[in-house]
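# Overview (structure and organization)
The residues making up each chain are set out below.
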Amino acid sequence: MTERTPLLHYRLSASVNESERRAPPAGQAVEQLPDSPRQRSTHQRQAKKLSTFFGVVIPTLLSMFSVVVFLRIGFVVGHCGLYQAIAMFLVAYFIISMTVLSVCAISTNGALDAGGAYYMISRALGPEFGGSIGLMFFLANVCGCALFVLGLVEAIVATFGVPEATSSFQVLPSGYWWSLLYGTVIALLCLLVCLVGAHIYAKATFLIFLVVMFVLGTIFISFFVVHPRVIVLPPPSTPTANGTGPPFATTANFTSFKLDTLLGNLWADYTLDYTTGNMMNFATVFAVMFNGCTGIMAGSNMSGDLKNPSYSIPRGTITAVIFTFIIYNLLCVLEACSCDRVLLQRDNSFLRDINIWKPFVTIGVYSSTLSAAMSNLIGASRILYALARDDLFGKVLSPAKKTSHSGNPWVSVLISWFLVQLVLFSGKLNTIASIVTIFFLLVYAAVDLACLALEWASAPNFRPTFRYFTWHTCVLGIVGCAVMMFLINAIYASASIAFMLLLLLLIHYLSPTSSWGYISQALIFHQVRKYLLMLDVRKDHVKFWRPQVLLMVSNPRSSVGLITFINDIKKSGLYVLGHVQLGDLNTLPSDPLQSQYDSWLSLVDYLNIKAFVNLTLADSVRHGVQHLLFISGLGGMRPNTLVLGFYDDCSPTDKLIDPSLSTSQSTDPLDGKVVGPQEYVAIIADAMKMSKNVALARYFNNFDRAQALSPASSSQGKGAVYIDVWPVNLLRPDSCSYVDTCSLFLLQLACILNMVRAWRKATIRLFLCVEEGRSVRGSEEKLGQLLKELRIKAQVYPVPWDEQVALHWQRQGDEEDYVNSFPSNATRLSDDYLSAVNKLILDQVRPPPAVRFLYLPRPPADTRRYTAYLHQLDLLTKDLGPTLLIHGVTPVITTDL
């Protein structure tokens, strides 16, 4: 008999909810999948003819009712009582109503194509979320179809099966293989319908709706016209433990409307479920009841076939939700008033026994279950086709793209049916029923998340015509779905989330880049803008200083070593690659820089550095650098340090193997071939006038960090790696100081480099230049104490340089020029002195360092001496290997806590 159908039969309702969402009623559903719905043909536009009632209300009602309305309302009232039952429906409908608001919002924000929840999630949250949720949605529909098929088989066998041949109607043999045969036949019937086309199901939907509404009408009428009667209860599936405990009743009463019956059914009375033998509680009953509250996205799934989707989806979905809520609560009240507690608890199909004609309820159960199985199969095939069209899983799903002449994805239908057939072999699927419900709840939560992300991103193009939602409703929907998932089964919920995250990572790393747009970029923009406004430059403090670098690059193919090295010393600060292209926009048809941005960003990705790119068009390199120093960055994130390649005659060498990264083939304007020495030094002076720190990088064109840090690079083979720092102005031996702003800036950058993971094993060597007559030990101790206070670990090496000082220039007598911020006395340095200092530096390298930091003096005040200044720097750093000449203009080190 039908009343012996196990719990599986009633948990299946969760699956039907989603299947109808995936079953477009017209055979043109396949053509609705491309990203641009406006590209459909005139024939397809004509197919969009469904009204709100036929296209949204009917599918949503059938999805939400399913078999629960016939077989599980009494179960809820019998265990929970009328008060808790109504409270449960209020909570459940509050949860789904939050998701309904999100569905309505997304569906009215522009054209919604076929694909239902998968389409909404993937186009809002990106391919990672969309693909993972879409695959889980596909599997849920496949399992849902199998669940409904098995549920229908159980209902048929319970009514017509041979084992209890007490009726002439029981003519069907039963058993595992017979049930599998019946299920296969039903699945083949669903397959035939889907292969012919979704329009067959669309026509049948209205007939099924009429059947279900008629059966519901007979149920309501029966409460009023059927006289009280005694109903024989089905035997429990499991006896009481050890034969103890109260015996199960064998009969129960339908009392019609009585006040005593109502009073007896007001409060909860949880007991054993006679179909499973498990003890019921609020959570377990709520989980079963919630299955009848899902299926809310059936209407949005049919947007491609609606006359006016933005009008129909919100109104139709909300109408269906309100109608089902009223019907469920009316049934609760009627059953509580007319059926005693034992009948409600011990007979899930008692509505058949009190109906004016018993087969009505059976017909309703069969009809709703069969339609659910067909719609799940149709839905699964449409999801699979949408996934295949989007190429998220590469060639694995490419066969599923094939369609018939009418647009029916017949290969997807066959694949879905084959998987359904495999699931049918597992027989009882109580466990999978819970997983399917959890998968559907994950989809609902993802839709809420998509709407929440769109709302939080504040994108101007997110302006749905349905405005009755806020981010609060989205959050409540997410929380509600999450709570329900863990309420149904915490282990399965955790496993489902883990499975989704695994799929998300796989798609992220394996799938091609999509052109749908990424909501993450909009969210990041929104948050970055907010925090940049909060970053107040007036609150800057030396304790939290970090280098924010603008590196000028023209030909990146010969600057790879320098680009990667500067990436190491930025210390989580701003890093900008600047590029100046000579030209005048007045004489050009368009901006020539726009087409270069993608190539520069590809370079950043290729080198795996964390940098921005700023390009500018100017009539000279100097003006271009000025532009970038003025405009680079935003708010409190602006470059404070300018890095230039050194002015010399070194030939550029292409260090990029990948020919696709052809960012710029022009000669570096800072290498002496486009820009002259006068302009080059003027750029340095401009930066210092703008209170920017300046660094000149020499001999980095062949720099390779891996090779520089390799133990084999040490001439002594001891594996030692060194960073050499000369914190004295070597062009001013008569005014050497180790505690001025520039010297401390050198120490800070060396320390920052030493803090980078790849450079942590390197040792900082600090060279202390001393003259005869000065206390070497005292100077060394003083410098060591300073390093200790600054928390910088370095080895101090005293270097006598009397011979070099003896060769320095004749002191000038003009003290005013001597103390000038642009000292002109530097112009009187002799080449012999500079060569001697250069040799002094070279002689200290045992073993040679990976990089040297040298003090960069200010350019002379007299612009006529710029060429001589550059010549002095050239002699000073000749053949030193990778060297940074650094000049700091702002304090960057403090001894305070």
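Small disclaimer: the values here were computed from a predicted structure and weren't measured.

What counts, and at which threshold
Residues numbered from 1 in each chain as written. Predicted model: local features only at pLDDT ≥ 70, side-chain atom pairs only at ≥ 80, totals over all residues. Heavy atoms only, no water. Helix = DSSP H or I, 4+ residues; strand = E, 2+ residues; numbered from the N terminus. Buried < 20%, exposed > 50% of the residue type's maximum accessible area, 1.4 Å probe, protein only. Areas by Shrake-Rupley, 256 points an atom, 1.4 Å probe, with all protein chains shown as cover. Expected span 1.5 Å × (residues − 1). Bend = angle between axes of the 7 residues up to and from the residue. Disulfide = S-S within 2.5 Å. Patch = residues over 30% accessible without salt bridge, like charges linked within 9 Å, V, L, I, M, F, W, Y side chains within 5 Å. Salt bridge = Lys/Arg side-chain N within 4 Å of Asp/Glu carboxyl O. Lys, Arg positive; Asp, Glu negative; His and termini not counted. Charge placed at Lys NZ, Arg CZ, Asp CG, Glu CD. Core = buried A, V, L, I, M, F, W, Y, C linked by side-chain atoms within 4.5 Å. Contact = heavy atoms within 4.5 Å. Pairing = 2+ DSSP bridges. Axes fitted to C-alpha atoms, helices over the stretch in contact; angles between N-to-C directions. Parallel < 35°, antiparallel > 145°, perpendicular 65-115°, else oblique. Left-handed = near helix turned anticlockwise from the far one by under 90°. Nonpolar A, V, L, I, M, F, W, Y, C, P; charged D, E, K, R; others polar. Polar contact = N/O pair within 3.5 Å; in protein donor to acceptor, adjacent residues only side chain to side chain. Right-handed = clockwise from strand over helix to strand, strands pointing away. pLDDT = per-residue confidence, 0-100. Phe/Tyr/Trp six-rings, centres within 6.5 Å; stacked < 30°, edge-to-face > 60°. Lys NZ or Arg CZ within 6 Å of the ring centre and 35° of its normal.

What follows is about the overall build of the protein. Along the protein, the regular secondary structure elements total 32 helices and 12 strands. Per-residue burial over the protein gives 56% buried out of 897 residues. Of the roughly 37,800 Å² that the protein leaves accessible, carbon and sulfur atoms contribute 61%.

A rise of 1.5 Å per residue sets the reference length of helix α6 (residues 73-107), with its 35 residues, at 51 Å; its end C-alpha atoms lie only 32 Å apart and thus fall more than 12% short of the reference. At G81, α6 shows its maximal bend, which comes to roughly 115°. Burial analysis of α6 places 27 of its 35 residues in the buried class, which makes it a mostly covered element.

The next thing to look at is the state of the cysteines. The tally for this structure, following the rule as stated, stands at 0 disulfides. The structure places no disulfide on C145, whose sulfur is separated from the nearest cysteine sulfur, that of C190, by 5.3 Å. Judged by its relative accessible area of 1%, C145 falls in the buried class. Free of any disulfide, C451 has its nearest neighbouring cysteine sulfur in C474, separated by 3.6 Å. Judged by its relative accessible area of 0%, C451 falls in the buried class.

This part covers a positive patch on the surface. A grouping of R546, K571, R757 and R760 is seen on the molecular surface, where their side chains present a positively charged patch. You can call R760 exposed: its relative accessible area is 54%.

Let's shift gears to helix α21 (residues 519-534). The end-to-end C-alpha distance of α21 is 23 Å, a good match for the 22 Å that 16 residues give at a rise of 1.5 Å each. Among all positions of α21, only I519, H526 and L532 are buried.

The next point concerns the nonpolar core. Most often, soluble globular proteins keep nonpolar side chains buried together rather than apart. Membership of the largest hydrophobic core comes to 153 residues, with the highest contact counts inside it found for F70, I219, F223 and M297. With 20 residues, α6 is the single largest residue contributor to this core. The contact partners of F223, leaving out residues within four places of it in the chain, are F254, S256, F257, L331, L334, E335, S338, C339, L351 and I354. Residues F703, V725, A750 and A850 belong to the second largest nonpolar core, which totals 63 residues.

Turning next to the pairing of strand β8 (residues 722-726). Taking burial as the measure, the 5 residues of β8 include 5 buried ones, the bulk of the element. Here β8 shows a buried face lined by Y722, D724 and W726 and a second buried face lined by I723 and V725. Relative to strand β11 (residues 851-855), β8 is paired through 4 bridges, and the arrangement is parallel. Counterpart to D724 in the pairing with β11 is R852.

Once that is clear, we can look at the packing of helix α8 (residues 127-160) against helix α20 (residues 490-510). Axes are the key here: two packed helices are described by the angle between their axes and the distance separating the axes. Interhelical geometry of α8 versus α20 gives an angle of 130° and a closest axis separation of 8 Å. When the interaxial angle is binned, α8 and α20 end up oblique. The two elements α8 and α20 cross, and the hand of that crossing is right-handed. Of the residues in α20, those in contact with P127, E128, F129, G131, S132, I133, L135, M136 and L139 of α8 are S496, F499, M500, L503, L504, I507 and H508. Here the residues of the contact of α8 with α20 sort into 11 nonpolar, 4 polar and 1 charged.

Close contact between helix α19 (residues 471-488) and α20 brings their axes to 5 Å; oriented N to C, the two are set at 125°. Of the possible angle classes, the one that applies to α19 and α20 is oblique. Residue-level contacts link M485, F486 and I488 of α19 to A490, A493, S494 and I497 of α20. Along the lines of polarity and charge, the residues of the contact of α19 with α20 split into 6 nonpolar, 1 polar and no charged.

Inspection of the secondary structure assignment puts S558 in the loop between β3 (549-552) and α22 (560-568). For S558, a relative accessible area of 10% gives the class buried. In terms of polar contacts, S558 uses its side chain to reach the backbone carbonyl oxygen of N555, at 3.1 Å.

Now for the sheet that holds strand β9 (residues 763-770). In space, the 10 strands of this open sheet follow the order β5-β4-β3-β6-β7-β12-β11-β8-β9-β10, with mixed pairing throughout. Of all strands in the sheet, those bounded by a partner on one side alone are β5 (612-618) and β10 (795-800). With direction set aside, neighbouring strand axes in the sheet form an average angle of 25°. Inspection of the sheet shows β11 paired to strand β12 (residues 883-887) by 4 bridges, in the parallel sense. The residue of β12 that forms the bridge with L854 is L885. Contacts between helix α27 (residues 741-755) and the sheet are confined to β6 (641-645), β7 (693-698), β8, β9, β11 and β12, with β11 contributing the most and set at about 165° to the helix.

What follows concerns a nonpolar patch on the surface. Together, I221, F224, V225, F257, I356, W357 and I363 line one region of the surface with nonpolar side chains, adding up to about 690 Å² of accessible area. The element that contributes the greatest number of residues to the nonpolar patch is helix α10 (residues 198-225), accounting for 3 residues. With respect to the helices and strands, I363 occurs in helix α16 (residues 359-389). Judged by relative accessible area, which is 36%, I363 ranks as partly exposed.

Alternating residues of β3 divide into V549 and L551 and L550 and M552, and every residue in both groups is buried. Pairing of β3 with strand β4 (residues 575-582), which is carried by 4 bridges, proceeds in the parallel orientation. The partner of V549 across the bridge, within β4, is Y575. Following the backbone out of β3, through α22 and into the adjacent parallel β4, one traces a crossover that is right-handed. Bridge analysis of β3 against β6 gives 3 bridges, and the strand direction is parallel. The residue bridging L550 from the neighbouring strand is L642, located in β6.

Here the protein averages 80 in pLDDT, while 82% of its residues score no lower than 70. Counted against residues more than four places away or in other chains, residues 1-48, with its pLDDT under 50, gives 201 contacts. Counting interchain partners and residues more than four positions distant, the pLDDT-below-50 stretch residues 659-669 has 33 contacts.

This part covers the packing of aromatic side chains. Summed over all chains, the structure comprises 29 aromatic pairs. Residues F462 and F469 carry aromatic rings whose centres are separated by 6.1 Å and whose planes lie at 70° to one another, so their mutual orientation is edge-to-face. Residue classification places F469 among the buried positions, given a relative accessible area of 5%. An aromatic cluster of three or more residues is present, and its members are F65, F89, Y93, F323, F325 and Y328. Note that R72 overlies the ring of F75, its terminal NZ or CZ placed 4.0 Å from the centroid. Note that R765 overlies the ring of Y722, its terminal NZ or CZ placed 4.1 Å from the centroid.

Further remarks concern unusual backbone geometry. The residue S572 is not glycine, and still its phi comes out positive at about 60°. You can see S572 is positioned in the loop between α22 and β4. Located in the positive-phi region is S691, a residue other than glycine, with phi close to 60°. Within the secondary structure, S691 sits in the loop between α25 (677-689) and β7.

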